[in-house]
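Summary of structural features
Here is how the chains run, residue by residue.
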Amino acid sequence: MAVPKRKISKTRGRKRRTHWKANDALCISTCSETGQAHLRHRAYYVNGVLYYKGKILQ
């Protein structure tokens, strides 16, 4: 069974994964309440108010 010769650092793995996020239109959604474009499954601010799934948090 193959075994890695060296440990891959956290930084190296994170650099590789940076391009996974918003590289296509499927990752961006529009809020039905505010009309604001945002990343899916993430909370977002609109005029200083925090929203998630169209609802105010806090």
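The following refers to the structure shown. (Residues numbered from 1 in each chain as written. Predicted model: local features only at pLDDT ≥ 70, side-chain atom pairs only at ≥ 80, totals over all residues. Heavy atoms only, no water.)

**A few points about the environment of Thr30**
Using the following cut-off: By the criteria applied, helices consist of DSSP H or I runs no shorter than four residues and strands consist of E runs no shorter than two, each listed in order from the N terminus. In what follows, residue pairs with any heavy atoms lying within 4.5 Å of each other are defined as contacts.
Along the polypeptide, Thr30 turns up in strand β1 (residues 28-30). Contacts of Thr30, omitting those with residues within four sequence positions, involve Gly35, Gln36, Ala37 and His38.

**Description of unusual backbone geometry**
The phi dihedral of Asn47 is positive, around 55°, even though this residue is not glycine. With respect to the element layout, Asn47 can be found in the loop between β3 (44-46) and β4 (49-52). Phi angles above zero are rare outside glycine, and Lys53 is one such case at about 55°. On the secondary structure map, Lys53 appears in the loop between β4 and β5 (55-56).

**A word on a positive patch on the surface**
Let me state the cut-off plainly: In this scheme, patches are assembled from residues that exceed 30% relative accessible area and form no salt bridge. Like charges are connected within 9 Å, while nonpolar side chains (Val, Leu, Ile, Met, Phe, Trp, Tyr) are connected within 5 Å. Per-residue and other accessible areas follow the Shrake-Rupley method at a 1.4 Å probe size, with only the shown protein chains counted as cover for residues. When a carboxyl oxygen of Asp or Glu lies within 4 Å of a side-chain nitrogen of Lys or Arg, that pair is called a salt bridge. Neither His nor the chain ends is counted toward charge; the positive residues are Lys and Arg and the negative residues Asp and Glu. Charge positions come from single atoms, namely NZ of Lys, CZ of Arg, CG of Asp or CD of Glu. Using a 1.4 Å probe on the protein chains alone, a residue whose accessible area is under 20% of its type maximum counts as buried, one over 50% counts as exposed, and one in between counts as partly exposed.
Taken together, Lys7, Lys10, Arg12, Arg14, Lys15, Arg16 and Arg17 make up a surface patch of like positive charges. With respect to the secondary-structure elements, Arg14 resides in helix α1 (residues 10-17). Judged by its relative accessible area of 55%, Arg14 is exposed.

**A look at the pairing of β4**
Here is the rule we go by: Two strands qualify as a pair provided DSSP detects at least 2 bridges between them.
When β3 meets β4, the two strands line up antiparallel, connected through 3 bridges. Counted as the bridge partner of Val46 is Val49 from β4. In textbook terms, the turn of a hairpin is the stretch between consecutive antiparallel strands, and for β3 and β4 this stretch comprises 2 residues, one of which, Asn47, has a positive phi near 55°. In terms of strand pairing, β4 meets β5 through 2 bridges, oriented antiparallel. Among the inter-strand pairings, Tyr52 is bridged to a residue of β5, identified as Lys55.

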